[in-house]
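This is what each chain is made of:
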Amino acid sequence: MPKTQKKIVLICGSKDIDYLPDVLNKEEIGCVINSGEDTVDWLSEQWAKRNKIEYLAFTPNYKTWLDEAKKERDKQMVNFCDEVIFFWKSPNDRLIKLGRYAKEHKKKITMNYIE
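The notes below deal with the structure included here. In this text the structure is predicted, and so the values were computed from the model without any measurement.

What follows is about the overall build of the protein chain. Across its full length, the protein chain holds four helices and five strands. Secondary structure elements of the protein chain occur, N-terminal to C-terminal, as β-β-α-β-α-α-β-α-β. Expected size for 115 residues packed as a compact globule is a radius of gyration near 13 Å; at 13 Å, the protein chain falls within 12% of this value. By its C-alpha atoms, the protein chain is 35 × 35 × 25 Å across when sized along the principal axes. Counting across all 115 residues of the protein chain, residues that qualify as buried make up 44%. Contacts in the protein chain between residues far apart in sequence, at least 24 positions, make up 58% of those at least 6 positions apart. If you sum the accessible surface of the protein chain, you get close to 7,100 Å²; carbon and sulfur atoms cover 49% of it.

Here we come to a nonpolar patch on the surface. On the surface, a nonpolar cluster with roughly 300 Å² of combined accessible area is contributed by Ile109, Met111 and Tyr113. As for its placement among the helices and strands, Ile109 is situated in strand E5 (residues 108-113).

Looking now at the pairing of strand E2 (residues 29-34). Burial runs high along E2: six of the six residues are buried. Where strand E1 (residues 7-13) and E2 come together, four bridges link them in parallel fashion. Within E2, the residue paired with Val9 across the bridge is Val32. With four bridges connecting them, E2 and strand E3 (residues 54-57) associate as parallel partners. Paired with Ile33 across the two strands is Leu56, which belongs to E3.

Looking now at the layout of surface pockets. Quantified by volume, the largest pocket comes out at close to 270 Å³. Lys70, Lys71, Asp74, Lys75, Val78, Asp93, Arg94, Lys97, Leu98, Arg100, Tyr101 and Glu104 together form the lining of the largest pocket. Counting residues per element, the ones that place at least two in the lining of the largest pocket are helix H3 (69-80) and helix H4 (93-104). The biggest single contributor to the lining of the largest pocket is H4, with seven residues. The class makeup of the residues in the lining of the largest pocket is three nonpolar, no polar and nine charged.

With the exception of glycine, most residues fall at negative phi, and the peptide bonds are largely trans. Although it is not a glycine, Lys52 sits at a positive phi angle of roughly 55 degrees. Mapping Lys52 onto the fold places it in the loop between helix H1 (39-50) and E3. The backbone of Leu66 shows a phi angle near 50 degrees, a positive value even though the residue is not glycine. Tracing the sequence through the fold places Leu66 in the loop between helix H2 (62-65) and H3. Accessibility expressed as a relative area gives 57% for Leu66, which makes it exposed.

Here we come to the pattern of salt bridges. Enumeration according to the criterion identifies ten salt bridges in this entry. Among the ionic pairs, Lys70 bridges to Glu37, the shortest N-O distance being 3.7 Å. Separated by 33 residues along the polypeptide, Lys70 in helix H3 and Glu37 in the loop between E2 and H1 bring together distant segments of the chain. With a relative accessible area of 34%, Lys70 lands in the partly exposed category. Overall, Glu37 belongs to the partly exposed group, its relative accessible area being 34%.

The rules behind these values
Residues numbered from 1 in each chain as written. Predicted model: local features only at pLDDT ≥ 70, side-chain atom pairs only at ≥ 80, totals over all residues. Heavy atoms only, no water. Helix = DSSP H or I, 4+ residues; strand = E, 2+ residues; numbered from the N terminus. Rg over C-alpha atoms; globule rule 2.2 N^0.38 Å. Buried < 20%, exposed > 50% of the residue type's maximum accessible area, 1.4 Å probe, protein only. Contact = heavy atoms within 4.5 Å. Areas by Shrake-Rupley, 256 points an atom, 1.4 Å probe, with all protein chains shown as cover. Patch = residues over 30% accessible without salt bridge, like charges linked within 9 Å, V, L, I, M, F, W, Y side chains within 5 Å. Salt bridge = Lys/Arg side-chain N within 4 Å of Asp/Glu carboxyl O. Pairing = 2+ DSSP bridges. 1 Å grid on protein atoms, 1.4 Å probe; cavity = no way out; pocket = protein on both sides within 12 Å on 5 of 7 lines; lining within 4 Å. Points joined across faces, edges and corners; volume = space filled by probe spheres on them. Nonpolar A, V, L, I, M, F, W, Y, C, P; charged D, E, K, R; others polar.

Next up, the structure:
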């Protein structure tokens, strides 16, 4: 469990993202979470470490969930966070489903479109 009173943010994005624009406020964020799988995950992990912010990667539990492991992991990440921050460059079904789930659960969603 994160040891913070600040926001827990889930940072996710398109697989073809190669940088994070300077839009994250390190004063408001206490913990960064993600799936630890893609480039945007690595970029957000590096951002968190550089700014001395706690970081957690959620890995899929294939033993329990089998083919549904990534879907269930995505739900766990959304349930755990206060806000979902997207870095969007190209369509991705998994991210669309994650965004819908976040909206259904009334999570704050911030979209950042990357050119």
